[in-house]
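A look at the structure
Residue-level listing of the chains:
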Amino acid sequence: MQIRLKPIAAALVSAGVLVAGLAAYQPSRAGILEMFDHKSTVTAATSTNSSTAAPREATAKIAPLQAPNYRAIVERWGPAVVGVTVEGTRHVSADEMADNDPFFQFFRGLPGFEHRAPRSGDMPFRGQGSGFIISNDGLILTNAHVVRDAREVTVKLADRRELKAKVLGSDQATDIAVLRVSAEKLPAVQFGDPKTLQVGDYVLAIGAPFGFDQTVTAGIVSAKGRSLPGDTYVPFIQTDAAVNPGNSGGPLFDADGNVVGINAQIYSQTGGYQGLAFAIPIDVALHTKDQIVATGHATHAHLGVMVQDLDQALAESFGLSRPDGALVSSVEPDSAAAKAGLKAGDVITQIGTTPVKRAGDLSSVIGMNTPGARVTLKIWRDKSARDLEVALAGAALEKSGATADSKQEGGRLGLALHPLTREEKAAAEVDHGLMVEDVAGPAARAGIQAGDVVLGINGQPARTVEQVRGVMNSHPKSVALLIDRGGQKIFVPIRLG
């Protein structure tokens, strides 16, 4: 099943409907009681000369928790939630033009009509999303994708007043935009701390799904620290609150009525709510907001590595007891990481005092630093820990020979390999590696394909077939291959029989 993440940029368009993202929903822990009633009896040791005591039993009852006072939260903070309507023009491809042209759709396929297919060009659009007031003098937060390409932005208040808004700035990396309206004494939200939010906590979302303003939905936090495809810096809060196109940019409240997130994306195969929504933590949003208000834009630090999560097989391959950390699969030339000495195969386990459990932890912490900041990375290399100090850079602006016998290796690795020729190196844009000619056994089950380039094995460069044989001669339980496929590099764990 393919994961499809939809930005919640609501759009009810003049010439069709632009899919809008869903807002996420978060719970707070206020009032959670962890009360346990313990009952136990002592079990005596049994012997031929002793009596037998009753078996030991232990039970724990979790006290039921009353739901938050959602009505009070809506009455108190609902007036600070606004609808955001945008108008502008957007460049649209020929296929998108055709999809939005009912005349073409009706006559498509008729002889002599295909040459009349629409061409790419600019199309006017009208979109809708949500936002919320963060200061009494008219400062508003929403999603960057809500106001993207907008020529005119209108904010509709809870009392149905409509005000023209100015976009002070937006940041595509975190999907945050800051608006300003000319007004005073407006109701404003108060902020909570997403770090105290826990899975299972109640949350409440307010927004304008499909244009239905001041719509309220509730749920719980279903996960934290989600790293989503294409989103580098944001450790999303996942909720099951019902959010739909138009909820994008709206607030996610905890059980105390504090804003802990901004609803931004949903998992959907239909374009509508399917039980999973994602919110940007409010601390990430406020960090971006402060930069935009001060300078008109936001900057993010850049390390210059591609990382991936570890699993147990990869962890064992690198000599780690647990699959914690961010595994470096490639290092950009001349990047901050390259200058500090980071290498493919390193596992980053800590940034400063912050543990790195997953690859997403690294991205979010680095991205929230400023260019030029110095951080200490704790890494795992060659089965030992060491520290590296890194001066972070700024993020780019949106800008033949011997062959291993596959039959001989089939019972262990299952690869037929040959060293890259000069032409193959040039085509793959690498300076070393082994071309996969044929695949069988464990390698095939792990997803290795003919045409892949093996760049490394167990953290060491793979330059010759003999190197691979040498690793296999030690009879490991698993190996980690660094694979290049179409320019994308990733570690693949292979469990061996």
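Thresholds, definitions, all that
- Residues take numbers from 1 onward in each chain, read along the sequence in its written order.
- In keeping with the model being predicted, local features are shown solely for residues with a pLDDT of at least 70 and side-chain atom pairs are shown and tallied solely at 80 or more, while totals for entire chains, interfaces and linings include all residues.
- Processing note: side-chain calculations cover all non-hydrogen atoms of the structure and skip hydrogens and water entirely.
- Secondary structure follows DSSP: runs of H or I at least 4 residues long count as helices, runs of E at least 2 residues long count as strands, and numbering of each begins at the N terminus.
- Three exposure classes are used, based on accessible area relative to the maximum for each residue type with a 1.4 Å probe and protein chains only: buried under 20%, partly exposed in between, and exposed over 50%.
- Only heavy atoms matter for contacts: two residues are in contact if any of them lie within 4.5 Å across the pair.
- Between 30 and 60 degrees the pair is tilted, below 30 it is stacked and above 60 it is edge-to-face, where a pair is any two Phe, Tyr or Trp rings, Trp via its six-membered ring, whose centres lie within 6.5 Å.
- Note: two strands are recorded as paired if DSSP finds a minimum of 2 bridges between them.
- The salt bridge definition used is simple: a Lys or Arg side-chain nitrogen within 4 Å of an Asp or Glu carboxyl oxygen.

Here we look at unusual backbone geometry
For residues other than glycine, phi is negative in most cases, and the peptide bonds are mostly trans. Notably, Asp 149 is not glycine yet its phi reads approximately 65°, a positive angle. Topologically, Asp 149 is positioned in the loop between α4 (144-147) and β8 (150-156). At Glu 429, a residue that is not glycine, the phi angle is positive and equals roughly 60°. Tracing the backbone shows Glu 429 in the loop between α10 (422-428) and β26 (434-439). The class of Glu 429 is exposed, set by a relative accessible area of 72%.

Quick notes on helix α8 (residues 359-367)
α8 sits mainly inside the fold: 7 of its 9 residues count as buried. In this structure, the buried residues of α8 make contact with β17 (301-302), β18 (305-309), β19 (326-331) and β20 (347-351).

Some thoughts on the environment of Arg 161
With respect to the secondary-structure elements, Arg 161 resides in the loop between β8 and β9 (162-171). Under the relative-accessibility criterion, Arg 161 is labelled partly exposed at 42%.

Describing the packing of aromatic side chains
Any two aromatic rings considered together are summarised by their centre-to-centre distance and by the angle between their planes. Scanning the model with the defined rule gives 3 aromatic pairs in all. Look at Tyr 70 and Tyr 202: their rings are 6.4 Å apart centre to centre, the planes differ by 85°, and that puts the pair in the edge-to-face class. Of the two residues, Tyr 70 sits in helix α1 (residues 70-77) while Tyr 202 sits in strand β11 (residues 202-207), which places them 132 residues apart along the sequence. With relative accessibility at 23%, the residue Tyr 202 sits in the partly exposed group. Centre to centre, the rings of Phe 236 and Phe 278 are 6.4 Å apart; their planes meet at 80°, and the pair counts as edge-to-face.

Topic: the side chain of Thr 85
Structurally, Thr 85 is set in strand β5 (residues 81-92). You can call Thr 85 buried: its relative accessible area is 17%.

Structural notes on the pairing of strand β7 (residues 139-142)
Taking every second residue as pointing to the same face, both faces of β7 are buried, with Leu 139 and Leu 141 on one and Ile 140 and Thr 142 on the other. Where β7 lies against strand β10 (residues 176-181), 4 bridges are found, and the strand directions are antiparallel. If you follow Ile 140 over to β10, its bridge partner there is Leu 179.

A word on the side chain of Asn 258
Looking at the element boundaries, Asn 258 is found in the loop between β14 (251-254) and β15 (259-267). Beyond its immediate chain neighbours, meaning those up to four positions away, Asn 258 contacts Gln 190, Phe 191, Gly 192, Leu 252 and Phe 253.

Notes on the pattern of salt bridges
Summed over all chains, the structure comprises 17 salt bridges. Here Asp 159 ties to Arg 161 by a salt bridge, and the two come within 2.9 Å at their closest N and O atoms. In this structure, the salt-bridge partner of Asp 387 is Lys 378, at a minimum N-O distance of 3.1 Å. Shared partners join several salt bridges into a network, and the residues in it are Arg 322, Asp 324 and Lys 357.

These figures capture arrangement, not role.
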